[in-house]
Amino acid sequence: MNYPQQPHIEYTHQTWVKPATMTLKEGYMPLTDWDVVMFKSYTPMLLFYTNPEQAADFMNMDTLTESLSAVLVDYYPLAGRLVDVGRGRDAIDCNDAGVLYQEAVYHADLADFEKSGYLPNQLDYHRLFPIHFYTRPEDPLVAVQTTRFADGGVALGIMILHKIADKYSGCLFLDAWAKQARGQTYNKANFFDRQLLTIPEHTVVTDEVLDHYREEHRLVDDEKVTLAARDQDQPKYARTSPHGPAPLKSVVLELASDGLQKCKRDAHTQDMILTRNWLSTKEALLAMLLRAIVRSRDIPDNEPVKMVVGVNGRSKMKNMDFYFGNWMITRSVSTTKQQAKEADLVFHALQFRQQMATLKASLFHGLSKLYTIHDDMTVHYLSYQPNSSTHVTASDVSNLPYWKLDFGYGNPDRVRGYITAGGDGCLVLFGRSGQSKGIMYDVQVQMNVDAMRRFINDPEINKYVHRVLC
């Protein structure tokens, strides 16, 4: 009996794309302290391009690789390799080793996945990327995979090493690549002007700086580290275990303008409206999401849950628009299930306002001064709490032009993330194009299955969210 072929991915091509002209430089390009403290992990991004006309040369490989080779002349450090220079520091060997480029075929129609919102539990996200973990010095700083679907649609999976770039720098590179593919001029990155990060002479390490440092930088006590072991009574491929961590699920929330306006309106008191004391839509939205997540958690009513939000530091400094590297900081808001039940949306939205409005450049400078205290940078490495019921990480990339990344074949239909390190309680906020029928944002949320079930039934999610894709 002939059974129908199940959708699967077949790899068809792999190469190393190098700068179009040799850019070999003597010596290494040093990383800043803000780069060094980051994890050696890749920041993933997925762009989905539909091909309704089923054009045969859609997202042509020659166009993609030739434009990538050309743009790497200006972005040549990305074609290099990371080297350990001792005492916890890394640098880039600008050796033109190349960016990994890979092609694959997905034996299914992209249109089928488009209908359900390109959810990771319905698509084989894992195999849409050419690499997942940085494990050795030979691994690339940037890797790309073009996956072609049976109906001509394409998924572009991109991995950029967090050690060398935050999301803002990564998007600057992708924007340059897309414009080069269309024959347009692009913005060149500033890799070397470290004077932009110079600490002012009279910088003071304040209590705020120390508190922030202690919150994010931890020494690990090996005796207290426990690894999640698989339950021996659990079948190897079972999804649940009585003693192991709960399985995780991702959903996408579609947010339209009317729901966002309603959420923002409810985040203001009458006095705030009369005095024109306006909160932003993002402050109201993040507050609403935190409240819904906390209410969904199986924790005591008085257990604090913290949402950590990444903030682009370039907005607090001059002449940093094209700075390439890591220059982000986090702000956090905590609440309990009891507060999320009893307090109104205004209370939590004002907490976000307080955290965002009080962020100043002095915090960046104070942290930089702390980094200079020790020659051995391993003292400063960041630490997070993945798979924690009391920790939520939020990444807002809605202002980055991912949905404008047109390589000459049109804008992507959707942008998605592949949450690899954040674990239970991650969300990423993506922007939508103007052609999206009133939908302004997608919020990709990952949590354990039981909490997710309660989350999508939360009254505020039902009140403000246009649609939940799950």
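Structure shown above.
What counts as what
Residues numbered from 1 in each chain as written. Predicted model: local features only at pLDDT ≥ 70, side-chain atom pairs only at ≥ 80, totals over all residues. Heavy atoms only, no water. Buried < 20%, exposed > 50% of the residue type's maximum accessible area, 1.4 Å probe, protein only. Helix = DSSP H or I, 4+ residues; strand = E, 2+ residues; numbered from the N terminus. Salt bridge = Lys/Arg side-chain N within 4 Å of Asp/Glu carboxyl O. Core = buried A, V, L, I, M, F, W, Y, C linked by side-chain atoms within 4.5 Å. Domains from an automatic or database assignment. Contact = heavy atoms within 4.5 Å.

1. Digging into helix α11 (residues 361-371)
Inference 1: Here α11 lies mainly inside the structure; 9 of its 11 residues are buried.
Inference 2: By the burial criterion, the buried members of α11 are Ala361, Leu363, Phe364, His365, Gly366, Leu367, Ser368, Leu370 and Tyr371.

2. Comments concerning the pattern of salt bridges
Oppositely charged side chains can pair when the atoms bearing their charge come close.
Inference 1: Counted under the stated rule, the structure contains 26 salt bridges.
Inference 2: Residue Arg331 is joined to Glu208 by a salt bridge in which the shortest nitrogen-to-oxygen separation is 3.7 Å. Taken as a pair, Arg331 in strand β11 (residues 328-335) and Glu208 in helix α5 (residues 207-216) lie far apart in primary sequence, 123 residues in all.
Inference 3: Among the residues examined, Arg331 registers a relative accessible area of 6% and is labelled buried.
Inference 4: Of the charged contacts, one joins Arg432 and Glu254 as a salt bridge, the two residues approaching to 2.9 Å between their closest N and O atoms. Of this pair, Arg432 sits in the loop between β14 (426-431) and β15 (439-448) while Glu254 sits in strand β9 (residues 248-256), and the two are 178 residues apart along the sequence. Of the two residues, Arg432 and Glu254, neither departs from the other in class, the shared state being buried.
Inference 5: Shared partners join several salt bridges into a network, and the residues in it are Glu254, Asp413, Arg414, Arg416, Arg432, Asp442 and Arg467.

3. Topic: the nonpolar core
Inference 1: Grouped together as the largest cluster of nonpolar side chains are 97 residues, with contacts concentrated most on Tyr75, Phe173 and Phe407.
Inference 2: Residue contributions to this core peak at 9 residues, all from helix α4 (residues 167-181).
Inference 3: Three or more residues apiece are contributed to this core by two domains, here domain 1 (9-194) and domain 2 (207-469).
Inference 4: With near-sequence residues (within four places) excluded, Phe173 lies in contact with Leu68, Val71, Leu72, Tyr75, Leu78, Val142, Ile160 and Phe324.

Honestly, it's all geometry; don't read function into it.
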